[in-house]
Amino acid sequence: MIIGLTLNQTSDQWKRDIRLASAASIDGFALNIGAADHFTFSSLHTAYEAASTFDNNFSLFLSFDFSASSGSTNGGWSVDYIANLTNSFKDEPAQFKIDGKPLVSTFEGVDFREEWREVRKKVEGDIVFVPDWSSVGPEGVRERVGDVDGAFSFDAWPRPSQSTLTTFSDDGYLSALSNSSSPPNSSNSKSTSPNNNNNNNNNNNNNNNNNKIYMMGISPYFYTRVSSYNKNRYSPSDTLWPTRWSQALALKPDLLQIITWNDFAESHYISDLVVPSQILPEAQSYRRRKGLTDEEWPREKLGDGVVAAWYRTTLVNVTACADGGTKWGQSGEKSAKEAVERDVVNVLAVVRRDMEVVVSVEGTRKKVVTKVKKGGARFFQVGFEELGLGPGQGNKKGGRKVRIEMNGEVREGAEVRDECPESGVINFNAATVYIANSTHPDTGSDSGGSGGSDSGSGSGSGPEDGKGDGDEDSDENAAVPGRSVGVTAALMAFIGFALFNL
């Protein structure tokens, strides 16, 4: 959760975020904070207060961002600043603890390494320190392993010229952490359950025998084109979400952190509770708007099944659109167009009984039917050429809507075009559509809604002073117990966690 986007966010809005996350089986938020935001303390206070109303079922921890304030030494952080913030919230009911100590993380800050020893001395009872030092990689962590209780990896997307993400970095971190001594100032017994309820984590990787914690980063997507932050890149994301979850199942890390809940500018957020003041004007050209029957909301029960699909609305391989200067991966040199091997509809389904998933587009007679066996998840892709879309086949005036169908329920997503969007450049962002809680008279499952959602974009920095974060959703659409906001990205998170729970 990017706290820099939460200026004036009310307790009710925090509770909505927490309800939505909880409905997706998410256990808590990592609160990313920058030193320069004057509202950091008040936002944290509101967040912890809101989380405390959830009967210790939702946890929070601080993550200090050392890159948020460019030009400042150590991102503007000092030993006293960090220690005071940690002491202020470490005893809150919602604080995530391990062995009775508050978990603390970072985004970078390698040069602050020695200062963390002083932080430990000033925080009563010590901390469990699990930073993200991805800039130095696994070998850099190995060299500094005596200063940390674990490591968090931000390597959650394919690198330049890579089409898929491997576990190369994960394996490196696990090796670095396992070939270490015991954590500094911590006991040999480790619990990674929220609020330190002393339930042992049975998913610890067997290769890590020295009680160092590995927190694995996992993310659904990456695309940004924001010149004011000098960011213009796309990482191949068609298969990223299911691939990364499969890797997590195999590696069984101590902790998983989904990147992110609300970093809208980079298109990898899994919340759809976007407010107007968070949207940068430059991001509007690739932002997906609402409008896909937002009045319909899926319930949080799985029912018979859930199916989600995501796809780009511009057919990259059949248009002459410019790439907008978008590169393939961070610091990449190749055009992002080269990262797209095929224009596809990506589909992920989790079902409790045998189902058929049908993918089609309006205006053509072609469709693809895929059988999904009960009790599991299946990911598959459907090429747009299989659906009758290609050069000269699209409707230039409006495109053609993608449709998915499961168990008699039909849902239409955003239109796909084989022409350039109004911006004149390719939109590498993904549109999404889903069906939740398909029912069948034989199962007795609760009937649920189906819904469509946007994959939007906004600012990665905090709102300007004087701008309130007005809630874009009306009160009648607010999340309440037993009803989850209908957002595909969050539903995708639900699907991911369902892989563990089916």
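Going by an unreviewed UniProt entry, the chain carries the name Glycosyl hydrolase family 71-domain-containing protein and comes from Neurospora tetraspora.

Draft legend 1. Highlighting the overall build of the chain. In terms of helices and strands, the chain carries 8 helices and 20 strands. Relative to its 502 residues, the chain shows a buried fraction of 59%. Partitioning the intrachain contacts of the chain with sequence separation of at least 6 by distance along the chain shows that 76% fall at a separation of at least 24. When the accessible surface of the chain is split by element, carbon and sulfur atoms take 43% of a total near 19,900 Å².

Draft legend 2. Geometry of the packing of aromatic side chains. Within the structure shown, the criterion is met by 24 aromatic pairs. Centre to centre, the rings of Phe107 and Phe154 are 4.9 Å apart; their planes meet at 65 degrees, and the pair counts as edge-to-face. Of this pair, Phe107 sits in strand S4 (residues 101–107) while Phe154 is found in the loop between strand S6 (150–153) and helix H6 (168–178), placing the two residues 47 residues apart along the sequence. Among the residues examined, Phe107 registers a relative accessible area of 24% and is labelled partly exposed. Ring centres of Phe112 and Trp116 lie 5.8 Å apart, and the angle between their planes is 85 degrees; on these two criteria the pair is classed as edge-to-face. Trp116 carries the same exposure label as Phe112, and that label is buried. Aromatic rings pair up to connect Phe64, Phe66, Trp77, Tyr81, Phe112, Trp116, Phe129 and Trp133 into one cluster.

Draft legend 3. How the structure looks around the pattern of salt bridges. Under the defined criterion, the tally for this structure stands at 19 salt bridges. A salt bridge links Lys90 to Asp91; the shortest N-O distance between them is 3.1 Å. Residue class for Asp91 comes out exposed when judged on its relative accessible area of 56%. A salt bridge links Asp149 to Arg120; the nearest nitrogen and oxygen atoms lie 2.9 Å apart.

Draft legend 4. Structural detail: the nonpolar core. Core analysis: the biggest nonpolar cluster contains 70 residues, and Phe29, Leu31, Leu60, Phe64 and Trp116 have the highest contact counts within it. Residue contacts for Trp116: discarding those within four places in its chain leaves Phe64, Phe66, Ile82, Val104, Thr106, Ile127 and Phe129. Counting 27 residues, the second-largest nonpolar core is a separate cluster that includes Val357, Val361, Val416 and Ala431.

Draft legend 5. Expanded view of the packing of helix H1 (residues 11–23) against helix H2 (residues 40–51). Look at H1 against H2: their axes get within 9 Å of each other, and the N-to-C directions meet at 55 degrees. What the angle tells us is that H1 and H2 run oblique. The interaxial crossing formed by H1 with H2 has right-handed handedness. On the side of H1, the interface is formed by Ser11, Trp14, Lys15 and Ile18, while H2 contributes Ser43, Thr46, Ala47, Ala50 and Ala51. Grouping the amino acids of the contact of H1 with H2 by side-chain chemistry returns 5 nonpolar, 3 polar and 1 charged.

Draft legend 6. Focus on the pairing of strand S11 (residues 305–312). A large share of S11 lies buried, amounting to 8 of its 8 residues. Residues Gly305, Val307, Ala309 and Tyr311 of S11 are buried on one face, and the alternating residues Val306, Ala308, Trp310 and Arg312, pointing to the opposite face, are buried as well. Bridge analysis of S11 against strand S13 (residues 344–351) gives 6 bridges, and the strand direction is antiparallel. Considered in S13, the bridge of Val306 is made with Val350.

Draft legend 7. Quick look at the environment of Val306. Note on placement: Val306 falls in strand S11. Val306 sits in the buried class, given a relative accessible area of 1%. On a C-alpha basis, the gap between Val306 and Ile435 in space is 5.8 Å, while along the polypeptide they are 129 residues apart.

Draft legend 8. Molecular detail of helix H3 (residues 79–89). Those residues of H3 lying buried are Val79, Ile82, Ala83, Leu85, Thr86 and Phe89. For H3, the buried positions fall inside an angular range of 165 degrees around the axis, keeping them on one side. Check the buried side of H3 and you find it contacts strand S1 (28–34), H2, strand S2 (59–65), S4 and helix H4 (115–122).

Draft legend 9. Geometry of the pairing of S6. Residue alternation in S6 divides its side chains into two sets, Gly150 and Phe152 and Ala151 and Ser153, and both sets are buried. With 4 bridges connecting them, S6 and strand S7 (residues 213–218) associate as parallel partners. Residue pairing in the sheet places Ala151 in a bridge with Tyr214 of S7.

Draft legend 10. Geometry of the confidence of the model for the chain. The predicted model of the chain averages 78 in pLDDT, with 72% of residues at 70 or higher. The low-confidence segment residues 440–495, where pLDDT is below 50, has 191 contacts with residues more than four positions distant or belonging to other chains.

Draft legend 11. Highlighting the state of the cysteines. In the structure shown here, the tally under the stated rule is 1 disulfide. Covalently, Cys321 is tied to Cys420 through a disulfide, its sulfur atoms 1.9 Å apart. Of note, the bridge from Cys321 to Cys420 carries an S-S torsion of about -135 degrees and is left-handed in sense. Taken together, the positions of Cys321 in the loop between S11 and strand S12 (327–328) and Cys420 in the loop between strand S18 (409–416) and strand S19 (430–436) put the pair 99 residues apart, joining distant regions of the chain. For Cys321, a relative accessible area of 3% puts it in the buried group. Take Cys420: its relative accessible area is 35%, and that puts it in the partly exposed class.

Draft legend 12. Fine view of unusual backbone geometry. Thr260 follows Ile259 through a cis peptide bond whose omega is 0 degrees. Considering the arrangement of structural elements, one finds Thr260 in the loop between strand S10 (255–258) and S11. A positive phi angle is found at Ser25, which is not glycine, with a value near 65 degrees. When you line up the elements, Ser25 lands in the loop between H1 and S1. Judged by its relative accessible area of 27%, Ser25 falls in the partly exposed class.

Draft legend 13. Structural context of the sheet that holds S18. Spatially, S15-S14-S17-S18 is the arrangement adopted by the 4 strands of the open sheet, whose pairing is antiparallel. Both outer strands of the open sheet, strand S15 (367–372) and S18, are each paired with one neighbouring strand and no more. Each strand axis lies, on average, 20 degrees off the axis of its neighbour in the sheet, ignoring direction. The pairing of strand S17 (residues 400–406) with S18 spans 6 bridges and is antiparallel. Counted as the bridge partner of Lys401 is Glu415 from S18.

About the criteria used
- Residues numbered from 1 in each chain as written.
- Predicted model: local features only at pLDDT ≥ 70, side-chain atom pairs only at ≥ 80, totals over all residues.
- Heavy atoms only, no water.
- Helix = DSSP H or I, 4+ residues; strand = E, 2+ residues; numbered from the N terminus.
- Buried < 20%, exposed > 50% of the residue type's maximum accessible area, 1.4 Å probe, protein only.
- Contact = heavy atoms within 4.5 Å.
- Areas by Shrake-Rupley, 256 points an atom, 1.4 Å probe, with all protein chains shown as cover.
- Phe/Tyr/Trp six-rings, centres within 6.5 Å; stacked < 30°, edge-to-face > 60°.
- Salt bridge = Lys/Arg side-chain N within 4 Å of Asp/Glu carboxyl O.
- Core = buried A, V, L, I, M, F, W, Y, C linked by side-chain atoms within 4.5 Å.
- Axes fitted to C-alpha atoms, helices over the stretch in contact; angles between N-to-C directions.
- Parallel < 35°, antiparallel > 145°, perpendicular 65-115°, else oblique.
- Left-handed = near helix turned anticlockwise from the far one by under 90°.
- Nonpolar A, V, L, I, M, F, W, Y, C, P; charged D, E, K, R; others polar.
- Pairing = 2+ DSSP bridges.
- Arc of directions from axis to C-beta.
- pLDDT = per-residue confidence, 0-100.
- Disulfide = S-S within 2.5 Å.

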